[in-house]
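As a plain string of letters, each chain reads:
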Amino acid sequence: MQTARLICMLLLIGVACEQWANAQSVRFEIQTNMGTMKGFLYDDTPTHRDKFVELAHAGHYDGTLFYRCVKDFVIQGGSSDSRGAKPGQHIGYGSDAVNIDSEFSKKHFHKYGALCAPRQPDKVNVFKTSDISQFYIVKGRVYTDEYLTQYEKSINVPIRKKLKQMYLAPHRDELNKLKETDKKAYNALLTEIKEKIEFEYRISDYKEFSPEQRSAYTSIGGAPQLDNEYTVFGELTEGLDVMEKISNLAVDKNSRPLKDVKMKVIIK
């Protein structure tokens, strides 16, 4: 299963590399005591790219840990509070968090190997700003097309129901009368209501997986529930086996690996 997954990943990476060959993308290495991971940063998430490069050059990530590893989900590290942390110590958002505006893009999603920026929860971060002082890499899992379709429906059906309640329900009696007395006025009002509902739906947080997303999530896998919630600003191209090894480490109750995985980030 893992071999097939890696083959699919390599094929998708080949397409991605060809697309970005002329973009002069910044390349990086994450060296750890369990091996090295390599990848590139996206040029169309420039704020994340530039701040990540700046922090890497300043040595901000060096000596920090991959302090959170959730099986079949993500590995997360880079927090300054993890540097020199004692065994069992709980680690979270560092004391020197660097918050920047999100840069969501439908082109970049949480596929296997994606490099992403974490953030504080919505209740204290309504604008979903990223904390680029740390990062996470997606391991995720493989999904079926049927699951993705049901996931879309679980989000979209309630949105449409709410909009119908907002725009259609108040006019039901009027529409029923017009339907019997004035078909032209009935059709005009119904069209107006439908257009309002469709407009509001299209600017809502509805879910629709692109063909590229479906292809990735059903072959190499990922974490689709994180799309449009956290900024994806790069991806791994080498060392995916290292990411796998880190993600499979035994962890404590806070998802911190029992074995410390230290890093050094180098910009190429």
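See above for the structure.
My aim in this report is to walk through the structure given alongside it, one point at a time.

Let's talk about the packing of aromatic side chains
Then, number 1: Tallying each qualifying case throughout the model produces 14 aromatic pairs.
Then, number 2: Ring geometry for Tyr147 versus Tyr151: centroids 6.3 Å apart, planes at 15°, classification stacked. Here Tyr147 pairs with Tyr151, and both are found in helix H3 (residues 145–167), just four residues apart, close to one helical turn.
Then, number 3: Judged by its relative accessible area of 37%, Tyr147 is partly exposed.
Then, number 4: By relative accessible area, which is 19% here, Tyr151 ends up buried.
Then, number 5: Taken together, the ring pairs in this structure connect Phe28, Phe52, Tyr61, Phe66, Phe135 and Phe233 into an aromatic cluster.
Then, number 6: Taking the ring centre of Tyr147 as reference, the NZ or CZ of Arg141 above it sits at 5.6 Å.

A word on the state of the cysteines
Then, number 1: Inspection of every chain in the model, using the stated rule, returns zero disulfides.
Then, number 2: The thiol of Cys69 is not disulfide-bonded; the next cysteine sulfur, from Cys116, is found 15 Å away.
Then, number 3: By relative accessible area, Cys69 is classed as buried at 4%.
Then, number 4: Classification of Cys116 by relative accessible area gives buried; the value is 0%.

A word on the side chain of Gln213
Then, number 1: Relative to the helices and strands, Gln213 is located in helix H6 (residues 211–217).
Then, number 2: For Gln213, the residues in contact, after removing those within four places along its chain, are Phe109, Glu208 and Asp227.

Regarding the pattern of salt bridges
Then, number 1: For the structure on display, the rule yields 21 salt bridges.
Then, number 2: In this structure, the salt-bridge partner of Asp145 is Arg214, at a minimum N-O distance of 2.7 Å. Here Asp145 is found in helix H3, whereas its partner Arg214 is found in helix H6, with 69 residues between them in sequence.
Then, number 3: We classify Asp145 as partly exposed; its relative accessible area is 37%.
Then, number 4: As a salt-bridge pair, Arg214 and Glu152 come within 3.2 Å of each other at their nearest N and O atoms. Of the two residues, Arg214 is situated in helix H6 and Glu152 in helix H3; the sequence distance between them amounts to 62 residues.

Structural notes on the nonpolar core
Generally speaking, a soluble globular protein has its nonpolar side chains buried in company with each other.
Then, number 1: Counting residues in each nonpolar core, the largest one holds 41 residues, and the members touching the most others are Phe52, Phe66, Phe135, Ile137 and Ile246.
Then, number 2: Counting residues in each nonpolar core, the second largest holds twelve residues, with Ile159, Leu168, Ile197 and Tyr206 among its members.

Side note on H3
Then, number 1: Along its 23 residues, H3 runs 32 Å from first to last C-alpha, staying within 8% of the 33 Å computed at 1.5 Å per residue.
Then, number 2: At Ser154, H3 shows its maximal bend, which comes to roughly 25°, and the proline Pro158 appears one to four places after that position.
Then, number 3: Taken together, the buried positions of H3 are Leu148, Tyr151, Glu152, Asn156, Ile159 and Leu163.
Then, number 4: Of the surrounding secondary structure, the elements contacted by the buried residues of H3 are helix H5 (183–202) and H6.

Notes on the environment of Gln76
Then, number 1: Among the secondary structure elements, Gln76 is positioned in strand E4 (residues 74–77).
Then, number 2: Put simply, Gln76 and Ser255 are 179 residues apart on the chain and 10.0 Å apart in space, counted from C-alpha to C-alpha.
Then, number 3: The residues contacting Gln76, other than those within four sequence positions of it, are Leu65, Phe66, Tyr67, Arg68, Pro118, Gln134, Phe135 and Tyr136.
Then, number 4: Of the polar contacts made by the side chain of Gln76, one reaches the side chain of Gln134; its length is 2.9 Å.

Some thoughts on the pairing of strand E9 (residues 232–238)
Then, number 1: Summarising burial for E9: six of the seven residues are buried, a large majority.
Then, number 2: As judged from the four bridges shared by strand E2 (residues 35–41) and E9, these two strands associate in the antiparallel manner. Of the residues in E9, the one forming a bridge with Phe40 is Glu235.
Then, number 3: For strand E6 (residues 114–116) and E9, the ladder comprises three bridges, and the chain directions are antiparallel. Bridge pairing in E9 places Cys116 opposite Val232.

Remarks on the sheet that holds E9
Then, number 1: The sheet built from eight strands is open, its strands ordered E3-E4-E8-E6-E9-E2-E1-E10 with antiparallel pairing. Two strands close off the open sheet at either side, each with one partner strand: strand E3 (66–70) and strand E10 (263–267). The average undirected angle you get between the axes of adjacent strands in this sheet is 25°.
Then, number 2: Examined bridge by bridge, strand E1 (residues 27–32) and E2 share six bridges and lie antiparallel to one another. By the bridge assignment for E2, Glu29 is matched with Lys38.
Then, number 3: In this fold helix H2 (residues 46–57) packs onto E1, E2, strand E8 (135–138), E9 and E10, with an angle of close to 120° to the strand it touches most, E10.
Then, number 4: Helix-sheet contacts for helix H7 (residues 240–247) involve E1, E2, E3, E4, E8 and E9, and the interaxial angle to E2 is about 115°.

Cut-offs used in this document
- Residues numbered from 1 in each chain as written.
- Predicted model: local features only at pLDDT ≥ 70, side-chain atom pairs only at ≥ 80, totals over all residues.
- Heavy atoms only, no water.
- Phe/Tyr/Trp six-rings, centres within 6.5 Å; stacked < 30°, edge-to-face > 60°.
- Helix = DSSP H or I, 4+ residues; strand = E, 2+ residues; numbered from the N terminus.
- Buried < 20%, exposed > 50% of the residue type's maximum accessible area, 1.4 Å probe, protein only.
- Lys NZ or Arg CZ within 6 Å of the ring centre and 35° of its normal.
- Disulfide = S-S within 2.5 Å.
- Contact = heavy atoms within 4.5 Å.
- Salt bridge = Lys/Arg side-chain N within 4 Å of Asp/Glu carboxyl O.
- Core = buried A, V, L, I, M, F, W, Y, C linked by side-chain atoms within 4.5 Å.
- Expected span 1.5 Å × (residues − 1).
- Bend = angle between axes of the 7 residues up to and from the residue.
- Polar contact = N/O pair within 3.5 Å; in protein donor to acceptor, adjacent residues only side chain to side chain.
- Pairing = 2+ DSSP bridges.
- Axes fitted to C-alpha atoms, helices over the stretch in contact; angles between N-to-C directions.

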